[in-house]
Amino acid sequence: LGDGSVADATTGRDAGPRDVDAGPPPEDLDGFVEWQMARGGLPGLATALIVDGEVVHEGLYGYADVEAGRAVDAHTLFAVASVSKLFTGIVALRAWEEGRLDLDADVGETLGFALRHPDHPTAPITARMLLTHTSGLRDNWPMLGQTTYEGDPEIDLETFTRGYALEGGEWFAGPNWGAAPGTAHDYCNGAFAVAAHLSEAAWGEGFRAASERLAFEPLGFEDTGWWLADVDAGKLAVPYTWNAARGSFVPLEQTTPAHYPAGGLRASLHDLERWARAMLRGGELDGVRVLEAETVEAMRTLQVPDLSTRQGLVMRYEGIGGHGYVGHSGAGIGGSANVLLRSDADAALIVLSNGDAYIRARLGFTEGRDAMDAILERLDTELEAELEAALTTEP
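The sections below set out a description of the structure shown in this document. (Residues numbered from 1 in each chain as written. Predicted model: local features only at pLDDT ≥ 70, side-chain atom pairs only at ≥ 80, totals over all residues. Heavy atoms only, no water.)

### Overview of the sheet that holds strand β13 (residues 323–332)
Convention followed: Here the rule is simple: two strands pair whenever DSSP picks up at least two bridges between them. Secondary structure elements follow DSSP: runs of H or I of four or more residues count as helices, runs of E of two or more count as strands, with numbering from the N terminus. Note on definitions: a residue-residue contact is assigned when non-hydrogen atoms from the two residues lie within 4.5 Å. Axes here refer to lines fitted to C-alpha atoms; in helices the fit is confined to the stretch in contact. Angles between the N-to-C directions go from 0 to 180 degrees.
Reading across the sheet, the 7 strands line up as β3-β2-β1-β15-β14-β13-β12 and stay open at both edges, with antiparallel pairing between neighbours. Edge strands, defined here as strands with exactly one partner in the open sheet, are β3 (70–71) and β12 (316–320). Pairing analysis gives 8 bridges linking strand β1 (residues 44–51) to strand β2 (residues 54–65), with the strands arranged antiparallel. When the sheet's bridge partners are listed, Leu45 is paired in β2 with Tyr61. Set on the sheet, helix α1 (residues 29–40) makes contact with β1 and β2; between it and β2 the angle comes to about 35°.

See the structure below:
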């Protein structure tokens, strides 16, 4: 890289947030992105713009492994955190399409055991509630931390579901449940793990195998997987945080939560480009259909407008540069991601990083988040220019 590069690719020393008073960023796109990466302490970044179903820009910056000097490429596997939910949604919604799962029925009919809010035992909980964060389940982070593992999970999704959501479970506590089902929007990762186990019950198949059969293989993915055991270790981006006191990027452990369907996916830019292209085409790519067009439209439609003005079916709405987008962002330990479709055009943008910009912002260190936001806004501007150029060249 040029002026915005990681300074020392072998040790990570003197690499990270630059003096933000050191003049404005360059005007060209690559220079701008590299400047923001240095400003925000982002070790590696992959970006893409898609218009009319085609990738019109792909940007690869920085390092997947700072110490080894391994550059980011289109097949680098990033920890994409909550972008994972998009693929959990495919597995669940394919079951809905085939009549294996009723989105509005009591989930106990499919699970084979009752799932009830302890304070509202007569209120049914549905798959639609789980997929729109309105089930009443809440994230109890001390308990979720107890079921996050170095390497891959040591428990399956049924064990997690029973242990976290049912009274008397190993990881059950009062804070695991909040408002009555269907009465409030409360973003919940644990609920997506329950939805994934519900999908297992609907398909009679393990979730990872179902994901491969129903999503990854039909979309032509070459890299993506849920567990470390499912992917090529040589493609993994090292997750990093920036340590200002040490003046270096600090590598973090590769961990996977038991609620991995909510945030454990490792995915490449190449594969996420294919997801975006398929969604822009109503669920089909290269002659293979992964979802029906009506299902994709439902994902992009607000499901609980009285409770949330952002929540579709799995997908969520974001605003960037005055434009509306729908898809998902991800904030994880050593990973920050955005995979978004323009709500008013046949277009998409993707930004992936192996830095924990969004997590650090929650602790008051906002330079990484600010850099990611600036990059997103610049890409939105570039995408708008690409859309205008496409209009002028249409016959």
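Anyway, onward from the coordinates.
### Considering the packing of α1 against helix α13 (residues 367–393)
Applied cut-off: Throughout this description, any angle smaller than 35 degrees is read as roughly parallel, any larger than 145 degrees as roughly antiparallel, any in the 65 to 115 degree range as roughly perpendicular, and the remainder as oblique. For any helix crossing, the convention is left-handed if the near helix is rotated counterclockwise from the far helix by under a right angle, and right-handed if that rotation is clockwise. Classes in brief: Ala, Val, Leu, Ile, Met, Phe, Trp, Tyr, Cys and Pro nonpolar; Asp, Glu, Lys and Arg charged; the others, Gly included, polar.
Between α1 and α13, whose axes approach to 8 Å, the crossing angle comes to 165°. As far as their axial angle goes, α13 and α1 are roughly antiparallel. Considering the relative orientation of α1 and α13, their crossing is left-handed. Contacts between α1 and α13 pair Leu29, Phe32, Val33, Gln36, Arg39 and Gly40 from the former with Glu367, Gly368, Asp370, Ala371, Ala374, Ile375, Arg378, Leu379 and Glu382 from the latter. Residues that form the contact of α1 with α13 fall into these classes: 7 nonpolar, 3 polar and 5 charged.

### Focus: α13
Given 3.6 residues per helical turn, the α-helix brings residues three or four places apart onto the same face. Note the cut-off: One fewer than the residue count of a helix, multiplied by 1.5 Å, yields its expected span. Note on classification: 1.4 Å probe, protein chains only; a residue is buried when its accessible area is under 20% of the maximum for its type, exposed when over 50%, partly exposed between these limits.
With 27 residues, α13 should reach 39 Å at 1.5 Å per residue; the first-to-last C-alpha distance of 39 Å fits that figure. The complete set of buried residues in α13 reads Gly368, Ala371, Met372, Ala374, Ile375, Leu376, Arg378, Leu379, Asp380, Leu383, Leu387 and Ala390.

### Quick notes on unusual backbone geometry
Unlike most non-glycine residues, His133 shows phi in positive territory, near 60°. Position of His133 relative to the elements: it lies in the loop between α4 (127–131) and α5 (141–146). Residue class for His133 comes out buried when judged on its relative accessible area of 2%.

### Section: the pairing of β2
Between β1 and β2, which pair antiparallel and follow one another directly, the connecting turn spans 2 residues, one of which, Asp52, has a positive phi of 50°. Sheet topology note: the β2/β3 ladder contains 2 bridges and is antiparallel. Bridged to Asp65 within β3 is Arg70.

### A short note on the side chain of Lys85
Selection rule: Working convention for charge: Lys and Arg count positive, Asp and Glu count negative, and His plus the chain ends are omitted. Any carboxyl oxygen of Asp or Glu that lies within 4 Å of a side-chain nitrogen of Lys or Arg is treated as forming a salt bridge with it. Counting of polar contacts relies on pairs of N or O atoms within 3.5 Å, with two restrictions inside protein: one atom must be capable of donating a hydrogen and the other of accepting it, and residues adjacent in sequence are counted only when both atoms are side-chain atoms.
Relative to the elements of secondary structure, Lys85 occurs in helix α2 (residues 85–97). Salt bridges are absent for the buried Lys85, whose nearest opposite-charge side chain, Asp139, sits at 6.8 Å. In this structure the side chain of Lys85 is engaged in a polar contact, spanning 2.6 Å, whose partner is the side chain of Asn189.

### Some points on the packing of aromatic side chains
Here is the rule we go by: Side-chain rings of Phe, Tyr and Trp (the six-membered ring for Trp) are treated as a pair once their centres are within 6.5 Å; stacked means planes under 30 degrees apart, edge-to-face means over 60, and tilted covers the remaining angles. In this scheme, Lys NZ or Arg CZ marks a charge over a ring once it lies within 6 Å of the ring centre and within 35 degrees of the ring normal.
Taken as a whole and assessed by the stated rule, the structure comprises 12 aromatic pairs. On the numbers, 5.3 Å between centres and 10° between planes, the contact of Phe160 with Tyr164 is stacked. One end of the pair is Phe160 and the other is Tyr164, both in helix α6 (residues 157–165) and 4 residues apart, which spans about a single turn. One exposure class covers both Phe160 and Tyr164, and it is buried. Through pairs of rings, three or more aromatic residues link up here, namely Phe87, Phe207, Phe216, Phe221, Trp226, Trp227, Tyr260 and Trp275. Stacked on the ring of Phe192, the Lys or Arg Lys85 has its end atom at 5.7 Å from the ring centre. The ring of Phe32 is capped by Arg378, whose NZ or CZ atom sits 5.1 Å from the centre of that ring.

### Digging into the pattern of salt bridges
Following the criterion strictly, the structure yields 18 salt bridges and no others. Here Asp106 and Arg116 are joined by a salt bridge, their closest N and O atoms 2.8 Å apart. Remark: Arg116 occurs in the loop between α3 (108–111) and α4 and Asp106 occurs in the loop between α2 and α3; sequence separation between them is 10 residues. A residue is classified by how much of its surface remains accessible, and Asp106, at 17% relative accessible area, is buried. With relative accessibility at 27%, the residue Arg116 sits in the partly exposed group. Between Glu318 and Arg310 there is a salt bridge; the shortest N-O distance is 2.8 Å. Overlapping salt bridges, with partners in common, bring together Arg94, Glu97, Glu98 and Arg100 in one network.

### Remarks on the environment of Ala114
For Ala114, the location among the structural elements is in the loop between α3 and α4. Judged by its relative accessible area of 57%, Ala114 falls in the exposed class. As for Ala114 and Pro124, which are separated by 10 residues in sequence, their C-alpha atoms are 9.2 Å apart.

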